[in-house]
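Secondary and tertiary structure notes
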Amino acid sequence: MKAVEIKSGIYWVGVIDWGVRDFHGYITPNGTTYNNYLIMDEQVTLLDTVKYDFASITIDNIKSLIDPSKIVNVVMNHIETDHASSINKIMVLAPDATIYISERGKKGLDRHFDTSKWRFKIVKSGDTLNIGKYNLLFIETPMIHWPDSMMTYVKEAKLLISQDGFGQHLATAARFDDEFVECASTAELDDSVVDYYANILMPFGQLIKAKIAEIRKLGLEIDMIAPDHGIIWRKEPEKVIQKYLDMIDGKAALRTAIIYDTMWHGTEQMTLPIMQGIKDEGVDCKVIRLRATPMSVATKELWKSRACLIGTPTLNNGMYPSVAEFLVYLRGLKPKNRLVGAFGSYGWGGGAVKEVYEEFKKMGLEIVEPGMQVIYKPSAEDNEQCYEFGRGFARQAKEYHKKFE
Ligand code: FEO
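What this report covers is the structure whose coordinates are included nearby. (Residues numbered from 1 in each chain as written. Predicted model: local features only at pLDDT ≥ 70, side-chain atom pairs only at ≥ 80, totals over all residues. Heavy atoms only, no water.)

Quick word on the pairing of strand E22 (residues 339-346)
With seven of eight residues buried, E22 lies mostly within the body of the structure. Where strand E19 (residues 305-311) meets E22, five bridges bridge the pair, whose relative direction is parallel. When the bridges of E22 are listed, Leu309 appears paired with Gly341. Both E22 and strand E23 (residues 366-367) contribute to a ladder of two bridges, which runs parallel. By the bridge assignment for E23, Leu339 is matched with Glu366. (Buried < 20%, exposed > 50% of the residue type's maximum accessible area, 1.4 Å probe, protein only. Helix = DSSP H or I, 4+ residues; strand = E, 2+ residues; numbered from the N terminus. Pairing = 2+ DSSP bridges.)

A short note on empty space enclosed by the protein
A water-sized probe, rolled over the atoms, reveals where empty space remains. Considering all chains together, one arrives at one cavity of 30 Å³ or more under this definition. Within this model, the largest cavity holds a volume of roughly 40 Å³. If you go around the largest cavity, the residues you meet are Phe23, His24, Glu80, Asp82, His145, Asp164, His169, Tyr196, Ile200 and His229. Taken together, the residues of the lining of the largest cavity break down into three nonpolar, four polar and three charged. (1 Å grid on protein atoms, 1.4 Å probe; cavity = no way out; pocket = protein on both sides within 12 Å on 5 of 7 lines; lining within 4 Å. Points joined across faces, edges and corners; volume = space filled by probe spheres on them. Nonpolar A, V, L, I, M, F, W, Y, C, P; charged D, E, K, R; others polar.)

Details of the sheet that holds strand E8 (residues 44-47)
Pairing is mixed in the open sheet, where seven strands are placed in the order E1-E2-E7-E8-E9-E10-E11. The outermost strands of the open sheet, each flanked by one partner alone, are strand E1 (4-7) and strand E11 (119-122). Going across the sheet, the axis of each strand differs from the next one's by a mean of 25°, ignoring polarity. Inspection of the sheet shows strand E7 (residues 37-39) paired to E8 by three bridges, in the antiparallel sense. Within E8, the position partnered with Tyr37 by the bridge is Leu47. (Axes fitted to C-alpha atoms, helices over the stretch in contact; angles between N-to-C directions.)

In structure tokens, the structure reads:
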């Protein structure tokens, strides 16, 4: 790769990680990128670094433009390892550079590196830095994605370096949204935005909404959003902002995700008549088996759907372990505005469905009770009841969906 000019004198010097499939437990079937940017101004300024494995690649990209010792400023928008873990390599090459960072970012960096010889300037929202023809404005964005996070606005370029915000875990030859559309599909790109939001930023939706309002109040003109993961938004940056606002406000398809696991196929057999009942009510349905599907994919599918049914057999009087694991993961993400229910098979003493409902209650989701249970595996009569259960659930999903239209 080589540096890619994204605005006059502003270059992408990041790396593409084609092979990462497990991003701190979040499965990334499409890999990712670690984007960082170099501004070739009177004061050469680097915004963010990359994951440690790829330090030599970003350094080579920087070298294709300038000797790294000429870097005057390093802006650290976020200290998570995927963006900050090669800062030590950069500081060896540019020991006189000043690091611009939030107060929390500095404290975090101190925990990871010996920073005693590095020069820092702590910045907060509203602080600016003139680097020549460009002026940088720092905007703290705590919890998008960590408490230390911030974004940097390059005023004369109308460019928002948005760090984790508006990113996607998507390794691609395209650097820009319009390039991606040429070689793939907008649906794939859209899916990546939802996947990333659902698995990383969902708990912080209201904070993100408030921050978007704050940025709008500043009256900043934005004609490009450059995140630190995935493609850069230059064709329609407003579209991805609106996409976030829609997701935060609860927009989803009238669809049911059936997310289940099974021991001896009893619970699995229940999914078919339930799915048929849902479909016969005119509601689309997506069926996902845990253990065959990463939790992050199941989460994305749930988030795309207005309603969700969880299916679990009873094991030792409780939920099946993969289902329990999924619900713990989901609870941490604090999903909202979804209608949920549960079903499952058991042998002699149920308990799993009750536990699923307890989890739903902890999450504060809209619940359809009672759930549906059968002994061992569904009989012909049970199949009829499962079908009606699916129909009834779909009718309630349609009614619930009206709140968001
Ligand atoms: Fe891409 Fe929160 O790091």
